Amino acid sequence: MIRLLNRQGVSVFAVVSAMLFCCNSTQASSTSEWTAPDQEAAKEFAALPVELIVNIKDESPYERSLRLLDQGLSIKDMPSHYFLLDSPIIKKQEDRYGPVRFMHAKHARLVRDCAVCHHYRPEDPAVKEINRCSACHQDAFDPRVVDRTGLKAAYHLQCMECHREMAKGPLSCTGCHDKKIPDHVKLIKLVDKPEPSQVTEECLRCHENQGRDMLKTAHWLWRGPSTHTVGRSKEIEIGKGTIAFNNY
Amino acid sequence: MKLNRRNFFKLAGVAGAGALATGAKTAEAWESKAPKDPFGCLVDLSRCVGCRKCEQGCNEVNKLLPPERPFVDMLLLNEKRRPDANSYTVVNRYFTGKSDEQDHLLPTYVKIQCMHCQDPACVSACLVGALTKKESGAVHYDVSKCIGCRYCMVACPFEIPAYEYFDPLTPRVRKCTFCFERIEKEGGVPACAAICPVEAITFGKRSSLLDQARTRMKKDPARYIDHIYGEHEVGGTSWLYLSDVEFNKVDFQDLPSEPIPKLPETIQHSLFSYLWSPIALFGVLSVVMANAKSKKNKEDES
Amino acid sequence: MSHSPSATHSKFFTPGVWVMLVFMFIGAVAVAARFTWGIGSVTNLDNSHPWGLWIGIDVATGVALAAGGFTTSFLAHIIGRHHYEVIVRPAILTAMLGYTFVVLGLLVDIGRTWAIWKPIFSWNTNSALFEVAMCVLVYLHVLYFEFAPTVGEGIGGRVKTLVTAVTDKIMWIFIILGVVLSCMHQSSLGTLMLIAPTKLHPLWYTPLLPLLFLTSAIAVGFPMVVFETTLVSSSLKLDSEMKILTPLTRITIFILGLYMVLKVGDLVYRDVLGYLLDGSTQSNSFLVELGFGVILPWLLLITPGVRKSRGMLFFTCCLIVGGVVLNRINVFLVGYHSPYAQTSYFPAIGEIVVTAGLIAALMFLYRLAVTFLPVLSASKQEVSS
């Protein structure tokens, strides 16, 4: 790290962080200008409170599949192609990862059998045949429904077991989730008008390993020309690995 | 004076005999002191994905020191770890030969923590009562009473209590607290159970967990082996385990179903309740001593 | 033999005493390290091996070997075999110093040394250790009381009169109390390990353990007296006390025999003889304990020639003492099996030097006491003999 700091007294990290901030700001400004309508709808849907269905019909998965087939339910009956798995039920206990973007239609087309996921129907005949996950799976360890997992476990068990069986789809945490990145505005402690090296030092306070890794990448070791990036071609002709300062 | 003393000896002898009688009567059968309706946790090894989030949640809630290697470092699973003074729970990985259709070996992950026995050996052992079994099921450690003798560590059949060996004056015994402050609140859940992404840890009343375990085994008999670890082991534990592999393959011990404190407590109480035996012995010895003395006095006189 | 006890006033600073002082100094350094950097810094103890040499030797063995105190005072004072009285004082001195060092050893071993008083107010009567702690605490003071007249006599004058006045009338209570308390905690020391049925090797884990501890403690009482009397009379060039020691060990035949029968009978009854020859450290250690610590000395003791020969008797008693020492080490250390330990326990240098330092300090104080206080009754040997 010392090497990183000393080298020419300027920092690569400042660039990275500047880029990060830059991205954030463009993102922020872009959301105010334009939003994906299905994302907004999904957000609203995810936040809707759901009443718990306590009693379910006792039937085998096979019976269930057959009955859904008999009713002629198909992909066309899907109310939504896209869900954001971002329930307040889960966030109540733990909130470490970002929401999961779930391509409902894609999964439905691959699996074809609705009963694989929508594995039980409510006992009450007045309730509709197929319900969202959180209609049955809510809080973990709810004494009203002792044999039923909570929503978080229901998602993980259903998704991961199927992904494993099919040898398809992500199994790691960040395969589905964005890691919830804490608000860095609150974490970063810098003096007014910091030197670039101070910025680097501050980043390294938490991201020491990343700093070490950075020193081994082409971003740091590049010795070839770097004048081809439009708008960033500040006459660095023989690469950062030789003489370059930060390419602001 | 001499007469008085003789009288006292007689009295002592009678008292001793009396104590003997009461002692014999009070040495009744040992009774379990287990709470009637404790909480527990059911760990389903077939569900655990080895993410070590329980370790992380435990560390944060109990305000333990940050670990040397971060919780996302899965290389730690290459070694077998034990809970220690700074980690109340650890997850170990085993390859037991179980494999999937593509012949990939499948891991089994085992979370280890205090089992919170129904009749804990450590509680029976602790001479100052620093360890207690709460009604909630938690085996609670009160540092203000502890003298640091480590007898609890000798007693624990699961080898759970850990010790701060490098603290010169105020070392503590460290072990899972069952998040007793959380679970004793309405709706409270232990940190590990709350954070577990797959509900490999189910929290609830122990009786209900046993039912749930049986339901799961009945629903999917091919998935589970027919044994709820902790149902009977050492008289029952608040933490229970369900598994898809034989327990002895993943370092669980075969333990007797007798509560561990039963034998030593039975011995202690049948010998020493109301101090009957020491009093009786004292009485008998006083009589013997007085007799010997009077005999000697007579000899001296003659 | 009819001499009344007197101070030996031998030369004090012999080379042996200097060696003890060196051991005491090294031990003190290790103790200082323990109180600076913690128990972990000087011991090999870990979460799998919470008890080590300090508990096995300093405490468990210390208590067992101090059994000479209550066994001799029972013999001489309670059942009135007054001719044995000459060995009571040295035995009480050993016991008093022994228990003092048990407590000192504990103070080093327990993590929260300053909290040692807590069991007095915070009771768990289910715990065998609680009983041991209480008994040791009370018995230590009983021993101080029993030894007080010796100190009073040593100082002489008004102190002697005062001490005699206080102790004379009530001494009998303390003598009996000493026996009662000893029986209680000698046996409860055996109960201690009954809390670990899955950890203690089946050769030693038996419900009879308390009884075995008690009988072995009683059995080692007189041999210990022989052991130290022989050592002391050799070291201080005193007359040998064989006239007392030979009949004393006849009693040991019965008690050691009883211990042997109980121990072997227990093995047979529990059907664990199979463990005896499996070649493990545990089974070998058990065989040595039983063979060389119990059976061999018993066979020697029943031979009258052995009892009359000073050298053979000393050797036999060494075997018995060694057998009991090994038994305590076996129960607390060798036979203790941790289910998850990756390494096995062997005491660290730090533990050994603390234990050695404590033993040296005990011997040092013993010599100091017999030199300046009326403890020993044997007269000085003539220089020519």
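Just so it is clear, the model here is predicted, and its values are computed rather than measured.

Moving on to the overall build of chain B. When helices and strands are tallied, chain B shows nine helices and nine strands. In summary, chain B has a C-alpha radius of gyration of 26 Å against a globular reference of 19 Å for 302 residues, an excess of more than 25%. Overall, chain B is about 100 × 45 × 40 Å in size when its C-alpha atoms are taken along their principal axes. Taking the contacts inside chain B whose residues are at least 6 apart along the sequence as the reference set, 59% of them involve residues at least 24 apart. In the structure as shown, chain B presents an accessible area of about 13,700 Å², 57% of it carried by carbon and sulfur atoms. For chain B, the distance from the average site of its 40 positive side-chain charges to the average site of its 37 negative ones is 8 Å.

Here we come to the interface of chain B and chain C. In this complex, chain B contributes 67 residues to the contact, which on the side of chain C involves 70 residues. Buried surface at the junction of chain B and chain C, both sides included, amounts to about 5,600 Å², of which 64% is carbon and sulfur. Counting the contacts that link chain B with chain C gives one salt bridge. For C:Asp109, the salt bridge identified is with B:Arg150, shortest N-O distance 2.9 Å. Mapped onto the side of chain B that touches chain C, the elements with two or more residues apiece are helix 1 (2-26), helix 3 (121-125), helix 4 (151-155), strand 6 (162-163), helix 8 (262-272) and helix 9 (276-301) of chain B.

With that out of the way, let us pick up a nonpolar patch on the surface. All names here are of chain C. Taken together, the side chains of Ile116, Trp117, Ile120, Phe121, Leu137 and Val138 make up a nonpolar region of the molecular surface, amounting to roughly 550 Å² of accessible area. Among the secondary structure elements, those contributing two or more residues to the nonpolar patch are helix 6 (118-121) and helix 7 (128-155). Within the element layout of this structure, Ile116 appears in the loop between helix 5 (85-109) and helix 6.

Another point: unusual backbone geometry. Residues and elements named next belong to chain B. For Glu159, which is not a glycine, the phi torsion comes out positive at approximately 55°. Not every positive phi belongs to a glycine, and Leu275 is a case in point at roughly 50°. Locating Leu275 in the fold gives a position in the loop between helix 8 and helix 9. The exposure class of Leu275 is partly exposed, given its relative accessible area of 46%.

All names here are of chain C. In this fold, Thr316 is placed in helix 14 (residues 310-334). According to the relative accessible area criterion, Thr316 is buried, its value standing at 0%. Through-space distance from the C-alpha of Thr316 to that of Leu287 is 17 Å; in sequence the pair is 29 residues apart.

Within helix 8 of chain B, burial applies to B:Pro264, B:Glu265, B:Ile267, B:Gln268 and B:Phe272. Around the axis of helix 8 of chain B, the buried residues are gathered within 160° of arc, so they sit on the same side. Where helix 8 of chain B is buried, its residues contact helix 3 and helix 9 of chain B together with helix 7, helix 9 (171-192) and helix 10 (209-235) of chain C. Where helix 8 of chain B terminates, the next one or two residues include B:Tyr274, which has phi positive at roughly 55°.

Let's shift gears to the sheet that holds strand 8 (residues 201-205) of chain B. Residues and elements named next belong to chain B. Strand order in the open sheet formed by three strands is 8-1-9, with mixed pairing between adjacent strands. This sheet does not close on itself; its edge strands, each paired only once, are strand 8 and strand 9 (239-242). Within this sheet the neighbouring strands show an average axis-to-axis angle of 25°, counted without direction. Bridging between strand 1 (residues 39-44) and strand 8 involves five bridges; their strand directions are antiparallel. Looking across to strand 8, one finds that Phe39 is bridged to Lys205. Contacting strand 1, strand 8 and strand 9, helix 7 (residues 206-219) runs over the sheet at an angle of about 130° to strand 8.

Further remarks concern the pattern of salt bridges. The tally for this structure, following the rule as stated, stands at 31 salt bridges over all chains. Here B:Glu265 ties to B:Lys33 by a salt bridge, and the two come within 2.7 Å at their closest N and O atoms. One end of the pair, B:Glu265, is in helix 8; the other, B:Lys33, is in the loop between helix 1 and strand 1, with 232 residues separating them in the sequence. In this structure B:Lys33 comes out as partly exposed when scored by relative accessible area, which is 47%. A salt bridge links B:Arg52 to B:Glu55; the shortest N-O distance between them is 2.9 Å. Judged by relative accessible area, B:Arg52 falls into the buried class, the value being 2%. Residue B:Glu55 is classed as buried on the basis of its relative accessible area of 4%. Overlapping salt bridges, with partners in common, bring together A:Glu59, A:Arg64, A:Arg67, A:Arg121 and A:Glu129 in one network.

Moving on, we come to helix 9 of chain B. Since the α-helix advances by 3.6 residues per turn, residues separated by three or four positions end up pointing in the same direction. Its 26 residues give helix 9 of chain B an end-to-end C-alpha distance of 37 Å, which sits within 8% of 38 Å, the value for a rise of 1.5 Å per residue. The set of residues buried in helix 9 of chain B consists of B:Trp276, B:Ser277, B:Pro278, B:Ala280, B:Phe282, B:Gly283, B:Leu285, B:Ser286, B:Met289, B:Ala290, B:Ala292 and B:Ser294.

Our next topic: the nonpolar core. The biggest cluster of nonpolar side chains holds 198 residues, and the ones touching the most others in it are B:Tyr151, B:Phe158, B:Phe203, C:Leu93, C:Met193 and C:Phe332. In this structure, B:Tyr151 is in contact with B:Ala125, C:Trp51, C:Ser127, C:Ala128, C:Leu129, C:Thr191, C:Leu192, C:Met193 and C:Ile195, ignoring residues within four places of it in sequence. By size, the runner-up hydrophobic cluster in this structure holds nine residues, among which are B:Leu209, B:Tyr224, B:Ile228 and B:Leu242.

Moving on: the pairing of strand 1 of chain B. Residue and element names in this part refer to chain B. Burial analysis of strand 1 places six of its six residues in the buried class, the great majority of the element. Burial along strand 1 is two-sided: Phe39, Cys41 and Val43 and Gly40, Leu42 and Asp44, pointing in opposite directions, are all buried. Looking at chain direction, strand 1 and strand 9 are connected through four bridges and run parallel. In the sheet register, Asp44 faces strand 9, and the bridge partner there is Leu242.

The partner chain B presents 21 residues to the 19 residues of chain A that form the contact. Summed over both partners, the interface of chain A with chain B comes to about 1,700 Å²; 54% of that surface belongs to carbon and sulfur atoms. Of all residues in chain A, A:Arg96, A:Phe141 and A:Asp147 bury the most surface against chain B, accounting for 35% of the area lost on that side. Here B:Glu60 and A:Arg96 are joined by a salt bridge, their closest N and O atoms 2.8 Å apart. The interface formed by chain A and chain B holds seven residue pairs in polar contact (both at pLDDT 80 or more) in total. For the side of chain A that touches chain B, the element with the most residues is helix 8 (residues 151-166) of chain A, which contributes seven residues. A per-class count over the side of chain A that touches chain B returns eight nonpolar, four polar and seven charged.

What follows covers the environment of B:Ser32. All names here are of chain B. Within the element layout of this structure, Ser32 appears in the loop between helix 1 and strand 1. The class of Ser32 is partly exposed, set by a relative accessible area of 40%. Sequence spacing of Ser32 and Cys196 is 164 residues, and the spatial spacing of their C-alpha atoms is 33 Å. At 3.1 Å, the side chain of Ser32 forms a polar contact with the backbone nitrogen of Ala34. A distance of 2.6 Å separates a polar atom in the side chain of Ser32 from a polar atom in the side chain of Asp119.

The geometry of a pair of packed helices is captured by two quantities: the angle between their axes and the separation between those axes. All names here are of chain C. Two elements in contact, helix 5 and helix 15 (residues 349-372), have axes separated by 10 Å at closest approach and are oriented at 150°. When the axes of helix 5 and helix 15 are compared, the pair comes out roughly antiparallel. Every pair of crossing elements has a handedness; the one defined by helix 5 and helix 15 is right-handed. Of the residues in helix 15, those touching helix 5 at Pro90, Leu93, Thr94, Leu97, Gly98, Phe101, Leu104, Gly105 and Val108 are Val354, Leu358, Ala361, Leu362, Leu365, Tyr366, Ala369 and Val370.

About the thresholds
- Residues numbered from 1 in each chain as written.
- Chains lettered and ligands numbered in written order.
- Predicted model: local features only at pLDDT ≥ 70, side-chain atom pairs only at ≥ 80, totals over all residues.
- Heavy atoms only, no water.
- Helix = DSSP H or I, 4+ residues; strand = E, 2+ residues; numbered from the N terminus.
- Rg over C-alpha atoms; globule rule 2.2 N^0.38 Å.
- Contact = heavy atoms within 4.5 Å.
- Areas by Shrake-Rupley, 256 points an atom, 1.4 Å probe, with all protein chains shown as cover.
- Lys, Arg positive; Asp, Glu negative; His and termini not counted.
- Charge placed at Lys NZ, Arg CZ, Asp CG, Glu CD.
- Buried area = accessible area lost by both parts, 1.4 Å probe.
- Salt bridge = Lys/Arg side-chain N within 4 Å of Asp/Glu carboxyl O.
- Patch = residues over 30% accessible without salt bridge, like charges linked within 9 Å, V, L, I, M, F, W, Y side chains within 5 Å.
- Buried < 20%, exposed > 50% of the residue type's maximum accessible area, 1.4 Å probe, protein only.
- Arc of directions from axis to C-beta.
- Pairing = 2+ DSSP bridges.
- Axes fitted to C-alpha atoms, helices over the stretch in contact; angles between N-to-C directions.
- Expected span 1.5 Å × (residues − 1).
- Core = buried A, V, L, I, M, F, W, Y, C linked by side-chain atoms within 4.5 Å.
- Polar contact = N/O pair within 3.5 Å; in protein donor to acceptor, adjacent residues only side chain to side chain.
- Nonpolar A, V, L, I, M, F, W, Y, C, P; charged D, E, K, R; others polar.
- Parallel < 35°, antiparallel > 145°, perpendicular 65-115°, else oblique.
- Left-handed = near helix turned anticlockwise from the far one by under 90°.

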